[in-house]
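# Fold and contact review
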Amino acid sequence: MSGESDCTRTSPSAGSPSDNELLPDRPKYVCTLSPDLVTKAREELQEKPEWRLRDVQALRDMVCKDYPSLGTCLDDAFLLRFLRARKFDYDRALQLLVNYHTCRRTWPEVFSNLKPSAIKPVLESGFVTVLPHRDPQGRHIVCIRPDRWTPSNYPITENIRAIYLTLEKLIQSEETQVNGIVILADYKGVSLSKASHFGPFVAKKVIGILQDGFPIRIKAVNIINEPRIFKGIFAIIKPFLKEKIANRFFLHGCDLNSLHQNIPPVILPEEYGGTAGKLDISAWNELLLASEEDFLHDFSELMLPCDSSPHDLLVSGDADEKQCDDSLRGMKPQLYYCY
């Protein structure tokens, strides 16, 4: 079901009482939030249950009017992700949705043939996983370990694909849409040779996706065991970070007590001074790989547009690439100095 066919079939006005009758083949939304999360969504995201479907329809109408060829899924549950990520601001939610598709279209190395089985080697390496327990705020902990990557085995884009699919799986949960996630990145053993793969062009695209092209709320980024080289890596990343996100970065070094101030030991594995047993990547890998058919179905609805590209693109192509290449040449001396 393409976004164009949905828009062509009907585009009722926001708040129309006959929305569900006009679109009988669209899955009916059923809220899975607990009473406490409904309250949290109301207070933090300005989500009002009594207006929820009206808000979704308003966003749907905007897509059909402004981007009839966007080729997006228009189901209630899918559009709600973007409204929640932008606190029910229609214009910002629409731009996020457009950016989401723009990112997918402008980076084929990452988004072509995107499915769990295609990134199985990355999952088996333990580069990215999700801890089994949520934190006290109900947030999943995404654990990233760059030292598990061997550059000679596959390019850095495979790691990005694995992270993206992990986020796609997590955001299916309404609980995660409301609570957000926390990232734990362990930079132990990251060498200059590995850091050189993460230049400004890649950094710009990754940060662009996480900040402006994906409907997820990143509440904290905890960096542990960062070597001196990380100063150079962060120098590459920081220019692309919004102040709000930059303030959510916490550099702990080798100080586990500092980490435990942000993430309680009870949910951390032994490797990080926790009491939750050894870090086990098998459970998350099995869950993600078992979702293959779900991803194939979901992504099949995200059709590429057949005509003009949306305006206000997140990535502007050759000019940005040249600018980032120039920046990389300027950053390399910093990397060597920090190393």
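Residues numbered from 1 in each chain as written. Predicted model: local features only at pLDDT ≥ 70, side-chain atom pairs only at ≥ 80, totals over all residues. Heavy atoms only, no water.

## Concerning the packing of aromatic side chains
To keep it simple, the criterion reads: Aromatic pairs are defined between Phe, Tyr and Trp rings, using the six-membered ring for Trp, whenever the two ring centres lie within 6.5 Å; interplanar angles under 30 degrees are classed as stacked, those over 60 as edge-to-face, and all others as tilted. Numbered from the N terminus, helices here are DSSP runs of H or I no shorter than four residues, and strands are runs of E no shorter than two. By the criterion adopted, a ring carries a charge over it if an Arg CZ or a Lys NZ lies within 6 Å of its centre and within 35 degrees of its normal.
Under the defined criterion, the tally for this structure stands at 7 aromatic pairs. Each ring, one from Phe78 and one from Tyr100, has its centre 6.1 Å from the other, and the planes form 70°; the classification is edge-to-face. With Phe78 in helix 5 (residues 76–85) and Tyr100 in helix 6 (residues 90–106), this pair connects stretches of sequence that are 22 residues apart. Each member of the aromatic cluster is reached from another via a ring pair, and the members are Phe78, Phe82, Tyr100, Phe111, Tyr164 and Phe214. When the ring centre of Trp51 is taken as reference, the NZ or CZ atom of Arg54 above it lies at 4.6 Å.

## Re empty space enclosed by the protein
Here is the rule we go by: Buriedness of a pocket was judged along seven lines, with at least five required to meet protein on both sides within 12 Å; pockets are open sets of points on a 1 Å grid over the protein atoms alone, cavities are sets where a 1.4 Å probe fits but cannot get out, and lining residues have an atom within 4 Å of a point. Grid points are joined across faces, edges and corners, and a volume is the space filled by probe spheres set on the points. Polar here means any residue other than Ala, Val, Leu, Ile, Met, Phe, Trp, Tyr, Cys and Pro, which are nonpolar, and Asp, Glu, Lys and Arg, which are charged; Gly is therefore polar.
Per the stated rule, a full pass over the model turns up 2 cavities of 30 Å³ or more. Lining the largest cavity we find 33 residues, and of these Ile144, Ile163, Tyr187, Phe198 and Val206 sit closest to its centre. Counting only elements with at least two residues in the lining of the largest cavity, the list comes to strand 2 (140–144), helix 9 (156–170), strand 3 (181–186), helix 11 (192–195), helix 12 (200–212), strand 4 (218–224) and helix 13 (230–237). With 6 residues, helix 9 is the largest single contributor of residues to the lining of the largest cavity. The class makeup of the residues in the lining of the largest cavity is 30 nonpolar, 2 polar and 1 charged.

## Structural notes on the environment of Ile156
Here is the rule we go by: Contacts are assigned to residue pairs that have any heavy atoms within 4.5 Å of one another.
Assignment of secondary structure puts Ile156 in helix 9. In this structure the C-alpha to C-alpha distance between Ile156 and Val110, which are 46 residues apart in sequence, comes to 9.7 Å. Leave out the neighbours within four places in its chain, and Ile156 touches Trp149, His197 and Phe198.

## A closer look at the pairing of strand 2
The following threshold applies: With a 1.4 Å probe rolled over the protein chains alone, any residue whose accessible area is under 20% of its type maximum counts as buried; one over 50% counts as exposed, and the rest are partly exposed. What makes two strands pair is DSSP finding at least two bridges between them.
For strand 2, a buried count of 5 out of 5 residues is recorded, marking the element as mostly surrounded by other parts of the structure. In this structure, strand 1 (residues 128–130) lies alongside strand 2, joined through 3 bridges in antiparallel fashion. Within strand 2, the residue paired with Val130 across the bridge is Val142. Examined bridge by bridge, strand 2 and strand 3 share 5 bridges and lie parallel to one another.

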